Amino acid sequence: MHRNRTWITDYSELRTQRNHVLDIQGGDSNVKTLNFLNESLSPTALINSGYAFTRNTTATYTNKLGIITTAAADEPRFDYEIVSSKTNFVKYSQSFANAYWDSSATNFLNALDSVTTNPDGFTVNASSLTEKIYEVLSVPTATARHIHQATGDFAAVVGNTYTMSCFVKQPTSGTVARYIQLALWTAGFGANAYMNFDLQTGTVGTGGAAVTASTIQPAGNGWYRISVTAPATAAASIGGFQLGFSTTSGAARTESYIATAPFRVVWMWGAQFEESLVPTTYIPTTTAFVRVNTTRPLGLLLESQVRQFCSYTEDQSNVLWNAYNYLPGTGKVGKSTTIAPDGSTNGNKFDHAGASEGGIYQVLLGNTAAGAGITITASVWAWIEPGAAPCRVRINYFPEGGTDSFGTLVTLTTTPQRITRTFVTTTSVNPSTVSNVTISTPDTAAFVWWGYQIETSKFAGSYIPRTTGVVQRQADQFGTVTNFSSWFKDGRQGTLLANYTVEPVATSGECTFLSVGGANSVLSFPQIYVNTNAATNT
C-alpha cells in the first residue's frame, strides 16, 4: 500500500539458509530480482514471474515514445520521462509530388514519387526531381529557377536556430544533377540563408553568410544527407524548405538558368525542418507535423487513489468552461492542429485579447471539496503553436469570499509542458459558494492547453481523463502472490529489497511501504528495508 506517487526501479527477494549469512556481493542462487528499468520487461512478463498487481480502474502513464496512454484495469504501468523532443515541421516528407510541394508555375521542376529505393536499399519510396523547360512564346530559351519548395503553414520563432535537411542521390543512369542547393525561405531567414552542395565529390560548396553550419554526410547506397542551419530573423509564415538545382558549387541563391535537354535529374527522400543546431534522426511525416520524444525509464509506477474534479478535461467548447478577455469568435473555442501529449490534435487554443489578464476556468461547486484547509493540486499541459507570439501562463486560485491568489508565470515553448499549482483552500466550500481555479495569461498572445486536472493531492499525479460523472483512479498494489515466497514459511531468514524513487514533495507519514502477511506467509524475523526520504531510496 502507498499514499504517494512512487516508481519502483527494482525489487529483490534474498533468501538465506538457517544460521547462514547471505553474501549479496558474491551472488546466491536464492536471489530473485526484477529490474523495472529493463525495457524488455512487459506487464505480462511481470505477472508470469510470480508477482501480483491490482488496480480496479484504468490509469494513464507515459510510454516509451513519450505519449500519454491508458493502461487497462490491473495492468502494471512502466512509466517514462521525456528527456527531449524534436518536431519535423515539414509535411509529406516522402511525397514530393503531393500538392503540399510546389515545383510548377515559376519553379520549373517535375516531381515523381516512389521511383527508386531510399537509403535503406530496399524500400521503394524515394522520389525524382527533373528540370523542366521554361518557354516564352513557345521558345525554350528563357532563364528560370528550378526549385522544389514546401508551401506549408509553419512560422519560425525569431532568434531560434533551425536546421533543414534531406537525403539526395545522383541517379545511376541518364543525365544527373551534380550541384544541389538548400535554402531557407527569405521571409523568415533573410536572403543569405542558403548553401550549395557537390554530389559528385560529396563536398559542401559555398553559400550565404547567414548560414551557421552545413553538412553533407554519406547515408549509404550512394545517398547523402545534406543540411543547412541558420537562425530565424522574422516570424513571417513560411514554408521553411527549398531545394534547387544549381550550375556550380558557388551559385547564387535560387539561381536562374536556361535548362536544355537532356534534363538533369536528382533523387530525393526524407525532408526535415527542425528547431536544432544539427540535423537529428529523420522523422517521417504525412498530413501533419510529427514530434518524436527521447525518453528514459522511471520504473513501475504506483499511485494512491485520487479523484479528478475537472469535467471535459480536453474540450473547452463545453458549456462548463468559462472564458474571459478572449478574442471574440475564436478565443474560447479554438482548436489547434499541433500535437497534444497523447499524440492527438485535441489541443484547445485560447487567444487572449484586451489589456486585462485573460484565461479559462470551471466553476467548482460545494461538492468538490469540503471545508478550508484542503490541499489541492491543479495541473494542465500548455504550449504555443510554432511561430506564435511569446506567451506566459499561470494557474490561479480564486476562492469565494477569500483572497485571490495568482500563480507563478511560466514561459511556454512549442513543446507541451505540464504546469502545476498546489494550494490549500482558504475558505469553506459548500453548495452555496463558488471557487474557481483558472489558467490565464497577461500577454496578448495565444496558448494551447490539454488535460486539465484538479485533485486533492500535494502533487500532480498521472492524468485522469474525464467528461462527466465521477472519475476516480484506484490505488496500485504490487507484491508477491501469497504462496510464492516459500522461504517465509520454513523458518529461514530473508530480505525484501526495493529500490524506488518517490515524488519529491513527499512529507512525513506519506511513503511507500512493504506489507508482509497472508495465510500462507509466516515470517521468521525477516528484514524489511523502508526509507521515506524524498529521493532514491532502498
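### Some points on the overall build of the chain
Part 1: Scanning the chain for helices and strands turns up 2 helices and 39 strands.
Part 2: For the chain, the proportion of its 538 residues judged to be buried stands at 50%.
Part 3: Of the contacts formed within the chain by residues at least 6 apart in sequence, a portion of 73% connects residues at least 24 apart.
Part 4: For the chain, the computed accessible surface area is about 23200 Å², with 52% contributed by carbon and sulfur atoms.

### Focus on the sheet that holds strand β34 (residues 446-455)
Part 1: Taken together, the 5 strands give an open sheet; going across it, the order is β26-β27-β34-β29-β32, and neighbouring strands pair in antiparallel fashion. Only two strands of the sheet have a single neighbouring strand rather than two, namely β26 (334-335) and β32 (417-424).
Part 2: In the sheet, strand β27 (residues 348-351) pairs with β34 via 4 bridges, with the strands oriented antiparallel. When the sheet's bridge partners are listed, K349 is paired in β34 with V448.

### Thoughts on the pairing of strand β16 (residues 203-207)
Part 1: Two elements, strand β15 (residues 194-198) and β16, share 3 bridges in a ladder whose sense is antiparallel. Following the sheet pairing, F197 is matched in β16 by V204.
Part 2: In this structure, the hairpin formed by β15 and β16 is closed by a connection of 4 residues, where G202 is found at a positive phi of approximately 65 degrees.

### Some remarks on the nonpolar core
Part 1: Residues C166, L182, F189, F241, L243 and F273 are the most contacted members of the largest nonpolar core, which totals 41 residues.
Part 2: Elements with a contribution of two residues or more to this core: β8 (109-117), β13 (161-169), β14 (179-183), β15, β18 (223-231), β20 (242-246) and β22 (265-274).
Part 3: When sequence neighbours within four positions are dropped, the list of residues in contact with L243 reads L129, H146, I147, H148, C166, V168, I180, Q181, L182 and M268.
Part 4: Of all hydrophobic cores here, the second largest spans 24 residues; its members include C391, V393, Y397 and F447.

### What to know about the pattern of salt bridges
Two side chains of opposite charge can pair, provided their charged atoms sit close to one another.
Part 1: Under the definition given, this model contains 10 salt bridges.
Part 2: Of the charged contacts, one joins D198 and R178 as a salt bridge, the two residues approaching to 2.9 Å between their closest N and O atoms. Here D198, found in strand β15, pairs with R178, found in the loop between β13 and β14; they are 20 residues apart in sequence, far enough to count as distant.
Part 3: Judged by relative accessible area, which is 26%, R178 ranks as partly exposed.
Part 4: Between R392 and D443 there is a salt bridge, with the nearest N and O atoms lying 2.7 Å from each other.

### Some words on the side chain of S246
Part 1: Locating S246 in the fold gives a position in strand β20.
Part 2: Beyond its immediate stretch of four places on either side in the chain, S246 contacts Y179, I180, Q181, N196, A251, E255 and R264.

### Observations regarding the sheet that holds strand β7 (residues 101-102)
Part 1: Strand order in the open sheet formed by 6 strands is β7-β11-β20-β14-β15-β16, and the pairing between neighbours is antiparallel. At either margin of the open sheet sits one strand with a lone partner, and together these are β7 and β16.
Part 2: Direction of pairing for strand β11 (residues 147-150) relative to β20: antiparallel, over a ladder of 3 bridges. Considered in β20, the bridge of H148 is made with L243.

### Some words on the confidence of the model for the chain
Part 1: Taken as a whole, the chain shows an average pLDDT of 79; of its residues, 76% reach a score of 70 or greater.
Part 2: Confidence scores differ between elements of the chain, with strand β38 (residues 527-528) showing the lowest mean pLDDT of 30 and β18 the highest of 97.
Part 3: Per-residue pLDDT stays below 50 along residues 17-29; that stretch engages in 11 contacts with residues further than four places along the chain or on separate chains.
Part 4: Predicted confidence for residues 505-538 stays below pLDDT 50, and this span has 71 contacts to residues more than four positions away or in other chains.

### A look at the environment of V83
Part 1: Positionally, V83 belongs in strand β6 (residues 78-88).
Part 2: The spacing of V83 and T295 is 212 residues in sequence and 5.1 Å in space, taken between C-alpha atoms.
Part 3: Residues contacting V83, with those up to four places away along its chain left out, are T294, T295 and R296.

### A look at the pairing of β14
Part 1: Of all the 5 residues making up β14, 5 are buried; the element is thus mostly covered by neighbouring parts of the structure.
Part 2: Residues Y179, Q181 and A183 line one face of β14 and the alternating positions I180 and L182 line the opposite face, and both faces are buried.
Part 3: Relative to β15, β14 runs antiparallel, the two sharing 5 bridges. Along β15, the bridge assignment pairs Y179 with D198.

### Description of unusual backbone geometry
Part 1: Positive phi outside glycine occurs at Y312, with the angle close to 45 degrees.
Part 2: Following the sequence through the fold, Y312 ends up in the loop between β24 (306-308) and β25 (321-324).
Part 3: Unlike most non-glycine residues, N325 shows phi in positive territory, near 55 degrees.
Part 4: Summarising the element assignment, N325 is placed in the loop between β25 and β26.

Rules used in this analysis
Residues numbered from 1 in each chain as written. Predicted model: local features only at pLDDT ≥ 70, side-chain atom pairs only at ≥ 80, totals over all residues. Heavy atoms only, no water. Helix = DSSP H or I, 4+ residues; strand = E, 2+ residues; numbered from the N terminus. Buried < 20%, exposed > 50% of the residue type's maximum accessible area, 1.4 Å probe, protein only. Contact = heavy atoms within 4.5 Å. Areas by Shrake-Rupley, 256 points an atom, 1.4 Å probe, with all protein chains shown as cover. Pairing = 2+ DSSP bridges. Core = buried A, V, L, I, M, F, W, Y, C linked by side-chain atoms within 4.5 Å. Salt bridge = Lys/Arg side-chain N within 4 Å of Asp/Glu carboxyl O. pLDDT = per-residue confidence, 0-100.

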